[in-house]
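Read off the chains here:
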Amino acid sequence: MKPFSIFNTLSRKVERFEPLKPPTVTLYSCGPTVYLPQHLGNMRAYLFVDTLKRALRFHGYDVRHVMNITDVGHMTSDEDAGEDKVEKTARAEGKSPREVADFYIAQFKRDCAALNIELPPDADSTDHVSPPQSVLCRATENIGAMIALIERIIAHGYAYVAASGVYFDVEKWRGAARVGRLSRQSLDEQHAGQRLEHSPDKKSPHDFALWVLNQPGHLMQWDSPWGRGYPGWHIECSAMSMKYLGETLDIHTGGLDHIPIHHENEIAQSESATGHPFARYFVHNAFLVGMEGAKISKSAGKFPLVADLVAQGVDPLAFRLFCFGAKYRSELVFSLDALRAAQTNLNYFSEFASNVPDEAVAGPDSEWTAGYLERFSAELADDLNTPRALAVALELVHEAYTRNDKSIWSALHKLDSVLGLKLDERRLAAHAQFPAEILELQKKRDQARAERDFNRADALRKELFSRGYEVKDIPGGSTIAPRRNP
RNA sequence: GGCGGCGUACCCAAGUGGCUAAGGGAGAGGUCUGCAAAACCUCCAUUCAGCGGUUCGAAUCCGCUCGCCGCCUCCA
């Protein structure tokens, strides 16, 4: 099997991927901030992580995946002033921050399920985790880990306590020559000529808050060694990733926009505390962009959601396929035409799967499928080249059709472990026992056809369609299946 | 001002020095078919924003020009 390789933002190169302790891979990805629904641009990012995870498994790795849920700490202006977004929504909706977070977490989980994005299980309340563990964890439930991490940073001399909060000492970190590894920008470049309001407590405008103090207007506050307050917005990722996955991660993912600030700061915090590398591979996904080529963002106001796909008659899994059509590092242009193209491809796979008989599932595959598995695997190994991997999958089905050989189920099923199109479910649905009245209608229609009463036959087909079933004529009879497009 | 990226057919999109510029969708024609659906076959970029250069050879490297976008502030 071709060794897996992936683009590492740290080196700006496609690198051979080698985890610290194979076959285990520790993977941390920045998750949602839960004060608004996740739009399709966000979903592309989670889809990318899901695909990476599935591809790594395809290559035999045992992936331990942690995703955070930010239910506190993101400010509307900069990192140590302004209003907490969760709180802002809470006030607007007359709910508690916890209720707001719960509401959007539930929606996030539903949307992920619709796209067949596998989320890690919810974290239980365990404090110490020795073998790396897959969890979906909330910031507000890990305040203790954050405080402990901040204490370590202070103990190492990289943070200081001021009246308005605990700040990370960026100048000191710069002295250690460790600034700008990801963004390739020096501090002076970063803020050249910028309007940057900053607290007079800070030694340098580049310093960022680890813990915020004396903001009595905030609803969410916790006790800490420095007083009542709340965490800064970078610290949760450092604290939770280390808690569940250990102090050096194999892979850290996120959107491109996280490179210059969020991940740069995460590295600074984590490495100043532990003294060793935070993450070995940083992998960043590009954006889904609107038809005018502009980024779709939360603050921009308008953006499509998973629910909008359904409203357009597009299966959410077609959105998966649509995203497969471009590499994760390329901007992808959102268009209805391209989505429909993906829907057509989904139907192609689905139709084939529906017609695979039980014997072909139980029996061995034809030997000609082996090459497809190898090519598929190689394309994934090449920096997750999903467009080519998808092309291989389409070719496999195409060849099965032209050979009229349905003995490819094991191979197809294996590909679907990465594609995530739920082909097995589709096959089973097509083989399900249909209600007797439906079968009766089908029978009546077959009869009408046999008697060449085509008006009656067409009426019965319409009747079945309106009840959610599609009949197709085949030599000597017909087949029936649930309607594809809802 | 600084940093980064993009421009490949009607649409989405691979390909970053050398076999015929992947693949999908749309479109056209055909096979099959009572019709429909599905499937299959054929066609569909002498050309990669433009110009110039390097090279035996470039969509791929270099330079310039034009157009577009992201980040530097919460953002996938």
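Preceding this paragraph is the structure being described.
Heads up: these notes are all about the structure in this document. (Residues numbered from 1 in each chain as written. Chains lettered and ligands numbered in written order. Predicted model: local features only at pLDDT ≥ 70, side-chain atom pairs only at ≥ 80, totals over all residues. Heavy atoms only, no water.)

## Side note on unusual backbone geometry
And step 1. A cis amide bond links Pro-22 with the next residue in sequence, Pro-23, at an omega value of 5°.
And step 2. Position of Pro-23 relative to the elements: it lies in the loop between strand E2 (13–16) and strand E3 (24–29).
And step 3. We note that Asn-116 has phi near 55°; this positive angle belongs to a residue other than glycine.
And step 4. Positionally, Asn-116 belongs in the loop between helix H3 (97–114) and strand E5 (135–138).
And step 5. For Asn-116, a relative accessible area of 18% gives the class buried. (Helix = DSSP H or I, 4+ residues; strand = E, 2+ residues; numbered from the N terminus. Buried < 20%, exposed > 50% of the residue type's maximum accessible area, 1.4 Å probe, protein only.)

## Structural notes on the nonpolar core
And step 1. In terms of nonpolar packing, the biggest core is built from 125 residues, with Phe-4 and Phe-319 touching the most fellow members.
And step 2. With 10 residues, the single largest contributor to this core is helix H1 (residues 40–58).
And step 3. Two domains each donate at least three residues to this core, and these are domain 1 (5–285) and domain 2 (306–430).
And step 4. Within the second largest apolar cluster, eight residues are counted, among which are Ile-438, Leu-460, Tyr-469 and Val-471. (Core = buried A, V, L, I, M, F, W, Y, C linked by side-chain atoms within 4.5 Å. Domains from an automatic or database assignment.)

## Some thoughts on helix H16 (residues 423–430)
And step 1. Taken as a whole, H16 has its buried residues at Leu-423, Arg-426, Arg-427 and Ala-430. Along the axis of H16, the buried residues cluster in a sector spanning 100°; they form a single face.
And step 2. Those residues of H16 hidden inside the fold are in contact with helix H10 (316–324), helix H11 (336–354), helix H12 (358–362), helix H15 (409–419) and strand E15 (477–482). (Arc of directions from axis to C-beta. Contact = heavy atoms within 4.5 Å.)

## Digging into the packing of H15 against H16
And step 1. Interaxial distance between H15 and H16 falls to 9 Å at its minimum, and their mutual angle equals 130°. Taken together, the axes of H15 and H16 lie oblique to each other. Together, Trp-409, Leu-412, His-413 and Asp-416 of H15 and Leu-423, Asp-424 and Arg-427 of H16 make up the contact between the two elements.
And step 2. The class makeup of the residues in the contact of H15 with H16 is three nonpolar, one polar and three charged. (Axes fitted to C-alpha atoms, helices over the stretch in contact; angles between N-to-C directions. Parallel < 35°, antiparallel > 145°, perpendicular 65-115°, else oblique. Nonpolar A, V, L, I, M, F, W, Y, C, P; charged D, E, K, R; others polar.)

## Some thoughts on the sheet that holds E5
And step 1. Reading across the sheet, the five strands line up as E5-E4-E3-E10-E11 and stay open at both edges, with parallel pairing between neighbours. The two strands at the open ends of the sheet, each matched to only one other strand, are E5 and strand E11 (279–285). Shown here is a sheet whose adjacent strand axes are inclined to one another by a mean of 20°, direction ignored.
And step 2. Sheet analysis places E3 next to strand E4 (residues 62–69), joined by six bridges and oriented parallel. Each residue of the ladder has a partner; that of Leu-27, found in E4, is His-65.
And step 3. Lying over the sheet, helix H7 (residues 235–245) contacts E3, E4, E5 and strand E10 (249–255), oriented at roughly 150° with respect to E4.
And step 4. The strands that helix H8 (residues 259–274) touches are E10 and E11; relative to E10, the one it contacts most, it runs at about 155°. (Pairing = 2+ DSSP bridges.)

## Considering the packing of aromatic side chains
And step 1. Evaluated as defined, the whole model comprises 21 aromatic pairs.
And step 2. Aromatic pair Phe-168 and Phe-208: ring centres 5.1 Å apart, planes at 15°, arrangement stacked. Here Phe-168 is found in strand E7 (residues 165–168), whereas its partner Phe-208 is found in strand E8 (residues 208–213), with 40 residues between them in sequence. The same class applies to Phe-168 as to Phe-208, namely buried.
And step 3. Measuring from ring centre to ring centre gives 6.2 Å for Phe-322 and Phe-334, while their planes differ by 90°; the resulting arrangement is edge-to-face. In this pair, Phe-322 is assigned in helix H10 and Phe-334 in the loop between strand E13 (332–333) and H11, connecting sequence segments 12 residues apart.
And step 4. A residue is classified by how much of its surface remains accessible, and Phe-322, at 6% relative accessible area, is buried.
And step 5. A network of ring pairs unites the aromatic residues Phe-4, Phe-17, Tyr-61 and Tyr-281 as a single cluster.
And step 6. Here the guanidinium or amino end of Arg-329 rests over the ring plane of Phe-7, the centre of that ring lying 4.0 Å away. (Phe/Tyr/Trp six-rings, centres within 6.5 Å; stacked < 30°, edge-to-face > 60°. Lys NZ or Arg CZ within 6 Å of the ring centre and 35° of its normal.)

So far we have only geometry, and geometry alone does not tell us how the molecule works.
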